[in-house]
Amino acid sequence: MLQERTEPAWIDAFETVLRRCAVQTGDTVAILGETQSRPVLMELARLAAARLGARSFTLTLPSVFSTGEPVSRSTGASPALQQLAPVIAALSGSTLVVDCTVEGLMHAPELPAILKGNGLIQPRVVYVSNEHPEALVRLLPDDATEARVKDHVKRVRGAKALRVSSAAGTDLTISLQGAVVGGNWGSTTRAGTLTHWPGGMVLAFPAAGSVNGTLVLAEGDVNLTFKRYIERAIVLTIENDHVTRIEGSGVDAELLRSHYAAWNEKEAYAVSHIGYGLNEAARWDSMALYDKRDFNGTELRAFAGNFLYSTGANEVAGRHTRGHFDFPLRGCTVALDGSVVVEAGRVVAA
């Protein structure tokens, strides 16, 4: 297991991200964590803010543990804030929130109030993915990735439909009518927005009734919620947004069927978001080189050319559930209104 000491190169990396988030001398930086957060990430954020002359404070909230329900991972919705008004007020009055909670605030119910600001200032939020700092250093945001993501966000926003196919048998059609589309490149300078580091992907949250077809999780694809490479193919039939059949033999399919069923919620089977990776520095094989406790997996959501299919909560479609799966797939072809943007797992040059 890698050690989690404060290394100069890691402070440099956090300073780089804060600079790209336009932190200035005198700005207020809130460093948000919970009792299960990695202490080294919060300390690196504090030291980087100090280097830039920002005023910082740290909030560490008790982690929340549920009982009587399945283990929940990869949700993007930290429950740590618990609607605590003083906490929301402190965060909404900050220039930048460095979110070091385990799951992050992306889908947390308190996020809209935080991003709205306090009337005098409107914060921006950067979620530092719960990775070992070594991975964060490898995946610093850069100008090229930012430009690439912005370009593909425009393409997806301008399209009516997205189709995904693969030699393994995937054939999926997704209507983009009414979808909310966004991109992430690992930093943000715009008030009222959230980003996450590492970044490098474009995502869409489809409206209800938008997704139909077949999704094949082939050997080497990833069940990121389980932090597991697929070893035996699984065929998912998707009808009206929902996984209606899970076909496959072996432990991969059995684990998937078991965890879906454990939530006992129809919405757990429904699409959350879809998208594709654009980060050329991110690697598909990186998960094999880390212990599970060292690795959160944002890198595998972002590696260039992957197609990401996720099930779970989708506010755009009016669906809420505690279950969530992220499936990065390799070797897929992605087309927007018939125009190919990813061909057999490789991003097509503009």
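Every value quoted in this text rests on a predicted model; they were computed, and no experiment measured them. (Residues numbered from 1 in each chain as written. Predicted model: local features only at pLDDT ≥ 70, side-chain atom pairs only at ≥ 80, totals over all residues. Heavy atoms only, no water.)

1. Examining the nonpolar core
Then, in step 1: Within the largest apolar cluster, 41 residues are counted, with the highest numbers of intra-cluster contacts made by F307 and Y309.
Then, in step 2: By size, the runner-up hydrophobic cluster in this structure holds 26 residues, among which are V23, I31, A48 and A54. (Core = buried A, V, L, I, M, F, W, Y, C linked by side-chain atoms within 4.5 Å. Buried < 20%, exposed > 50% of the residue type's maximum accessible area, 1.4 Å probe, protein only.)

2. Focus on the sheet that holds strand β3 (residues 96-99)
Then, in step 1: Strand order in this open sheet of five strands is β2-β1-β3-β4-β8, and the pairing throughout is parallel. For this open sheet the edge positions go to β2 (55-61) and β8 (194-197), each flanked by a neighbour on one side alone. The average angle at which neighbouring strand axes cross in this sheet is 20°, direction not considered.
Then, in step 2: Here β3 pairs with strand β4 (residues 124-128) via four bridges, running parallel. By the bridge assignment, D99 is partnered in β4 with Y127.
Then, in step 3: Most of the contacts of helix α1 (residues 8-20) go to β8, to which it runs at about 155°, and overall it touches β3, β4 and β8. (Pairing = 2+ DSSP bridges. Helix = DSSP H or I, 4+ residues; strand = E, 2+ residues; numbered from the N terminus. Axes fitted to C-alpha atoms, helices over the stretch in contact; angles between N-to-C directions. Contact = heavy atoms within 4.5 Å.)

3. What about the side chain of E265?
Then, in step 1: For E265, the location among the structural elements is in the loop between α7 (251-263) and β15 (271-277).
Then, in step 2: Among the polar contacts listed, one links the side chain of E265 to the side chain of R322, at a separation of 2.8 Å.
Then, in step 3: Here E265 is in contact with T321 and R322, once residues within four sequence places are set aside. (Polar contact = N/O pair within 3.5 Å; in protein donor to acceptor, adjacent residues only side chain to side chain.)

4. A few points about the pairing of strand β18 (residues 332-336)
A regular strand carries its side chains on alternate faces of the sheet.
Then, in step 1: Along β18, four of the five residues are buried, which leaves the element largely enclosed by surrounding structure.
Then, in step 2: Across five bridges, the pairing between strand β5 (residues 161-166) and β18 is antiparallel. Paired with R163 across the strands is A335, a residue of β18.
Then, in step 3: Direction of pairing for β18 relative to strand β19 (residues 339-343): antiparallel, over a ladder of three bridges.

5. Here we look at the sheet that holds strand β16 (residues 307-311)
Then, in step 1: Ordered in space as β7-β9-β15-β16-β17, the five strands form an open sheet in which the pairing is antiparallel. Lying at the two open borders of the sheet, with one neighbouring strand each, are β7 (180-184) and β17 (325-329). Put simply, the sheet's adjacent strands are angled 20° from each other on average, direction ignored.
Then, in step 2: Across the face of the sheet, helix α6 (residues 143-157) comes into contact with β7, β9 (201-205) and β15 while running at roughly 170° to β7.

6. Here we look at the pairing of β16
Then, in step 1: Where burial is concerned, most of β16 is hidden: five out of the five residues are buried.
Then, in step 2: The alternating pattern of β16 places F307, Y309 and T311 on one face and L308 and S310 on the opposite face, and all of these are buried.
Then, in step 3: Here β15 pairs with β16 via five bridges, running antiparallel. Considered in β16, the bridge of Y276 is made with F307.
Then, in step 4: In this structure, β16 lies alongside β17, joined through five bridges in antiparallel fashion.

7. Some words on the packing of aromatic side chains
Then, in step 1: As enumerated under the stated definition, the model contains seven aromatic pairs in all.
Then, in step 2: Plain terms: the ring middles of F14 and W197 are 4.9 Å apart, the flat faces sit at 70° to each other, and that makes the pair edge-to-face. Pair noted here: F14 is in helix α1 and W197 is in strand β8, with a separation of 183 residues, a long-range link.
Then, in step 3: On the basis of relative accessible area, W197 is assigned to the buried category, the value being 0%.
Then, in step 4: Residues Y260 and Y269 carry aromatic rings whose centres are separated by 4.7 Å and whose planes lie at 15° to one another, so their mutual orientation is stacked.
Then, in step 5: By relative accessible area, which is 22% here, Y269 ends up partly exposed.
Then, in step 6: Grouped by ring-pair contacts, the aromatic residues F226, Y260, Y269, F325 and F327 constitute a single cluster.
Then, in step 7: Looking at R330, its charged tip hangs above the ring of W284, at a distance of 3.9 Å from the centre. (Phe/Tyr/Trp six-rings, centres within 6.5 Å; stacked < 30°, edge-to-face > 60°. Lys NZ or Arg CZ within 6 Å of the ring centre and 35° of its normal.)

8. Some details on helix α3 (residues 85-92)
Then, in step 1: Of the residues making up α3, those classed as buried are V87, I88, L91 and S92. For α3, the angular spread of buried residues about the axis comes to 125°, placing them on one side. Among the exposed residues of α3, those pointing more than 90 degrees away from its buried face are A85 and P86. (Arc of directions from axis to C-beta.)

Geometric values such as these leave the question of function open.
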